[in-house]
Amino acid sequence: MGFSWVNIIALAQFENRKMLYKNPNAPIEKRIADLMKRMTIEEKVGQLNQLNAGTLTGPAAPLGNKAPVMQEIRDGKVGSYLNLEGAAYTLKHQKVAVEESRLGIPLLFAKDVIHGYKTIFPIPLAEACSWDLKAIEQNASVASAEATAAGLHWTFAPMCDISTDPRWGRVMEGAGEDPYLGGLIGAARVRGFQGDLSDGKHLMACVKHFAAYGAVEAGKEYGHVDVSRFALWNKYLPPYKAAIEAGAATIMNSFNVFEGVPSTANVYLNKTILKDKFKFKGFAISDWDTYTEMINHGYAANNQDALAKAINGGGMMEMNSSISIQYLPQLIKEGKVSIKVLDEAVKRILYYKFKLGLFDNSYRYSNEAREKSESLSASNRAIARKAACSSMVLLKNEKELLPLKTNTKVALIGYYAKSKADMFDFWVAKGDYNQAVSMFEGLSAKFPNLKYSEGYSSDATTTDSLINAALEVAKNADVLLVNIGLSGNKAGEDRSLANIKIPLGQQRLLTELRKTGKPIVALVSSGRPMVLTQITGLADAILQCWIPGTETGNALADVLTGAYNPSAKTVMSFPVDEGQIPVYYNYFNTGRPTSADGSGNWFARYRDIPNEALFPFGYGLSYTTFAYSDLKTDKTTFSKSDIVNVNITVKNTGKYDGGEVVQLYIRDLAASYIRPVKELKAFEKVALKVGEEKQVRFALTANDFSFYDMDGNTLLESGDFEIYVGGSSSNVSKFDLKLIK
Ligand code: GLC
């Protein structure tokens, strides 16, 4: 009897039913259970192993960071690769995993797609200054579209670390100093990166670095962290929590310790908080080598001890150090790690491989055609350009020097203004600075009378001849545009700086140019708030450009010509001096608060510098002006079930249409734990035409007045509150409110 097609299909379906995990119609949970029944311990452990296959983003470990070995993939020894990207290259390796390994379990390909993949957006700190959550979500979505076309499934972003120390190089990756805003932005980035993970064009997000990495002592990279549970719950955890609640698939532990125990193995962080309190259902990945680094920390005696502590402390997937694959089967045999713990980790990892559709359409992400059409597309560049425009913070604009008419004779001075390499930062994935638009290119296209001079060298030092050349160019100019600050490659990981003043050579250059009496615009390039105190008097206008990415020059031209009216507000305070750090708006009053006018004695202050930030959180100018009036609320006392409606009228009283971020802060005057002098609790970005006014409404609920105790319990206590509303944390109107039981 000949075999009919019907028999063959029936047999295949029978086979498939037997291999339930391969049945796309079966529920994911059943497919996982079926697959795990078939896996050996070694194959399970293989899922925990992530190897680095390309760019080094940490010290090269003995076993890590080598070109992928196909036999390892065939043997099921690798669950994921970091820095293995490209449609063709990922396809080649995925095929081996799916078609040549015993169970055909696909690989996860991950990369730090922090602010773009090929089209590079402004650094996250800059993007946060837009306060535009929709745009931030869209930016992440564009990054995902480009990265997934190149075969990537997973980004190690958003970074949700709160930091108040601009000496730390990684402030560039976050969303500034405020927990509430940091949480909203972290959640927006998760939504943008992930979508619902169903279309093959979105990446799994990774909330990092859990937890409180931004609290490193003195901003020193990889430094010691010692924060209280009070600070942990009220300052550091909220952004991670918000990003997890937004559905983040994964989380990454931090390099630092909490209460003397490395985050990697910290049961309080990974079980009490992450699993029990936050109900996190995704999977955790270690940061680079943090398993074996517990030996350096003095928390583990050797690799086996480190591995047992990591896995028993909540560790799941291991990045780069590869000790799970070496020692975990033995530790399980010895009973030092339970098979249940291993199974839980593997189950969570497999869930996302199924969720991404990798078992059913394993090659959907490695799409060469899409890789070509998506990358650096005109629409992606346009979105990046708008993101860059809305990230630049106008810090000063004396005598309305800006915006400039395009027929203005401008002198553009500064080495970095023409250097493409120096305008990209450490975390630019596959961004190519040669594809970027430099300040020089963007401005030359708009200002036909532009003349250029270097002014200083690549290391920011200057010489008499460089200064004289700049003075020569300045002679025939109406306005001097002077790009100062740091190269983009001084921003990011392992880039902490003790000195964050404007480099002396640039200060000298500005001083000499100031003597010409010509109007000066300082264009500050940096991945952190620098100390600008020494140059504020040397420039009539100051624009904090941050590190704006691929569309730098076009965006800068849009802002300087007024095609885009700056609307950004800084999300991180600018210190007067390094000695003032940490300086932040939501500080605590202390028992001897700094007196407003600094008069008298015996109060919290420095004797040798001002006690306020040079530019505070929430501050940013526009080319127009805004007037606030009619601040009112519908009640002066409220109970826990009430909504407190706050209204304020904002009017555009200047000469340009513009955007304003209206901010609402509260202060709890007396509580069972001290509360900051201000806490951001709401904001709205409004667009106002010249002369237009709008009533902005905020609806406050009891949640806005609550805080956490040391164990993460929410407290809401009756008493007196102050409500502040305005255009920056330091320029607000106030009214009083009383919460009654
Ligand atoms: C780095 C960073 C982390 C990054 C990882 C992979 O050390 O701390 O943020 O995602 O390694 O590159």
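Residues numbered from 1 in each chain as written. Predicted model: local features only at pLDDT ≥ 70, side-chain atom pairs only at ≥ 80, totals over all residues. Heavy atoms only, no water.

Q: How do you make sense of the overall build of the chain when you look at a structure like this?
A: Helix and strand content of the chain: 20 helices and 26 strands. A compact globule built from 741 residues should have a C-alpha radius of gyration of about 27 Å, and the chain, at 27 Å, falls within 12% of that. For the C-alpha atoms alone, the extent of the chain along its principal axes is close to 95 × 65 × 50 Å. By the burial criterion, 60% of the 741 residues in the chain qualify as buried. For the chain, long-range pairs separated by at least 24 residues make up 78% of all intrachain contacts whose partners lie at least 6 apart in sequence. Split by element, the accessible area of the chain, about 27,600 Å² in all, is 53% carbon and sulfur. Looking at charge distribution, the chain has the averaged site of its 84 positive side-chain charges lying 3 Å from that of its 79 negative ones. (Helix = DSSP H or I, 4+ residues; strand = E, 2+ residues; numbered from the N terminus. Rg over C-alpha atoms; globule rule 2.2 N^0.38 Å. Buried < 20%, exposed > 50% of the residue type's maximum accessible area, 1.4 Å probe, protein only. Contact = heavy atoms within 4.5 Å. Areas by Shrake-Rupley, 256 points an atom, 1.4 Å probe, with all protein chains shown as cover. Lys, Arg positive; Asp, Glu negative; His and termini not counted. Charge placed at Lys NZ, Arg CZ, Asp CG, Glu CD.)

Q: Explain the site of the ligand here, please?
A: With respect to spatial proximity, 14 residues lie near the ligand, and among them Thr 57, Asp 112, Arg 170, His 209 and Asp 287 are the closest. With respect to the ligand, the side chain of Asp 112 contributes an N or O atom lying 2.5 Å from an oxygen atom. Contact with the protein chains covers 100% of the free accessible surface of the ligand, which is 310 Å². Taken together, the residues of the shell around the ligand sort by class into seven nonpolar, two polar and five charged. (Near = heavy atom within 4 Å. Polar contact = N/O pair within 3.5 Å; in protein donor to acceptor, adjacent residues only side chain to side chain. Nonpolar A, V, L, I, M, F, W, Y, C, P; charged D, E, K, R; others polar.)

Q: Can you walk me through the sheet that holds strand β6 (residues 250–253) in this structure?
A: Spatially, β5-β6-β9 is the arrangement adopted by the three strands of the open sheet, whose pairing is parallel. In this open sheet, the two edge strands, each paired with only one partner strand, are β5 (206–210) and β9 (283–285). Within the sheet, the average angular offset between the axes of one strand and its neighbour, ignoring direction, is 25°. Bridging between β5 and β6 involves three bridges; their strand directions are parallel. Residue pairing in the sheet places Cys 206 in a bridge with Thr 250 of β6. Contacts from helix α9 (residues 229–245) reach β5 and β6, with the element oriented near 160° to β5. (Pairing = 2+ DSSP bridges. Axes fitted to C-alpha atoms, helices over the stretch in contact; angles between N-to-C directions.)

Q: Can you help me understand the packing of aromatic side chains in this one?
A: A complete count under the given rule lists 31 aromatic pairs for this structure. When the ring of Trp 233 is compared with that of Phe 278, the centres are 6.1 Å apart and the planes differ by 90°; the resulting orientation is edge-to-face. In this pair, Trp 233 is assigned in helix α9 and Phe 278 in the loop between α10 (267–277) and β9, connecting sequence segments 45 residues apart. By relative accessible area, which is 2% here, Trp 233 ends up buried. With a relative accessible area of 10%, Phe 278 lands in the buried category. (Phe/Tyr/Trp six-rings, centres within 6.5 Å; stacked < 30°, edge-to-face > 60°.)

Q: Help me understand the nonpolar core, please; the structure alone is not making it clear to me.
A: Counting 166 residues, the largest nonpolar core has Trp 154, Phe 210, Leu 232, Leu 328, Leu 350 and Leu 532 as the members making the most contacts within it. Counting residues per element, this core draws most heavily on α9, at eight residues. In this structure, this core is formed jointly by two domains, domain 1 (393–580) and domain 2 (626–739), each of which donates at least three residues. Excluding residues that lie within four positions of it along the chain, Leu 328 makes contacts with Val 45, Leu 48, Leu 307, Ile 311, Ile 323, Val 337 and Leu 342. Counting residues in hydrophobic clusters, the runner-up holds 29 residues, among them Leu 412, Leu 443, Ala 541 and Tyr 623. (Core = buried A, V, L, I, M, F, W, Y, C linked by side-chain atoms within 4.5 Å. Domains from an automatic or database assignment.)

Q: So what exactly am I meant to see when it comes to the domain arrangement of the chain here?
A: Accessible area lost during the coming together of the parts is what is often quoted as the interface size. According to the domain assignment, the chain consists of domain 1 (393–580) and domain 2 (626–739). Between the C-alpha centres of domain 1 and domain 2 the distance comes to 35 Å. In this assembly, six residues from domain 1 lie in contact with ten residues from domain 2. It is Asn 565, Ser 567 and Lys 569 that lose the most area in domain 1 upon contact with domain 2, and together they represent 70% of the buried surface on that side. Where domain 1 packs against domain 2, one counts two salt bridges. (Buried area = accessible area lost by both parts, 1.4 Å probe. Salt bridge = Lys/Arg side-chain N within 4 Å of Asp/Glu carboxyl O.)

Q: In this structure, what is going on with the state of the cysteines? I would like to understand it.
A: Formally, a disulfide is one covalent bond, and it connects the sulfur atom of one cysteine to the sulfur atom of another. Taken as a whole and assessed by the stated rule, the structure comprises zero disulfides. Take Cys 129: it sits in no disulfide, and the sulfur closest to it among the cysteines is that of Cys 545, at 12 Å. Classification of Cys 129 by relative accessible area gives buried; the value is 0%. The cysteine Cys 160 is free of any disulfide, with Cys 206 supplying the nearest cysteine sulfur at 9.6 Å. (Disulfide = S-S within 2.5 Å.)

Q: Whenever I open this one, a positive patch on the surface confuses me. Can you help?
A: Judged by side-chain charge, Lys 271, Lys 275, Lys 277, Lys 279 and Lys 281 come together as a positively charged surface patch. On the secondary structure map, Lys 281 appears in the loop between α10 and β9. (Patch = residues over 30% accessible without salt bridge, like charges linked within 9 Å, V, L, I, M, F, W, Y side chains within 5 Å.)

Q: Looking at this structure, how should I read the environment of Glu 374?
A: Mapped onto the fold, Glu 374 is located in helix α15 (residues 368–374). Separated by 226 residues in sequence, Glu 374 and Thr 148 have C-alpha atoms that sit 9.8 Å apart. What Glu 374 contacts, discounting residues up to four positions off in sequence, is Ala 145, Glu 146, Ala 149 and Asn 380.

Q: What am I meant to see in a nonpolar patch on the surface here?
A: Side chains of Trp 5, Ile 8 and Ile 9 sit close together on the surface and give an oily, nonpolar patch of about 350 Å² of accessible area. Turning to its location among the elements, Ile 8 is positioned in helix α1 (residues 5–18). Overall, the relative accessible area of 37% leaves Ile 8 in the partly exposed class.

Q: Explain the pairing of β6 here, please?
A: A regular strand carries its side chains on alternate faces of the sheet. Residues Thr 250 and Met 252 of β6 are buried on one face, and the alternating residues Ile 251 and Asn 253, pointing to the opposite face, are buried as well. As for the winding sense of the linkage, the β-α-β connection from β5 through α9 to β6 is right-handed. Of the strand pairs in this sheet, β6 and β9 are connected by three bridges, and their pairing is parallel. Across the sheet, the residue bridging to Met 252 is Ile 285, located in β9. (Right-handed = clockwise from strand over helix to strand, strands pointing away.)

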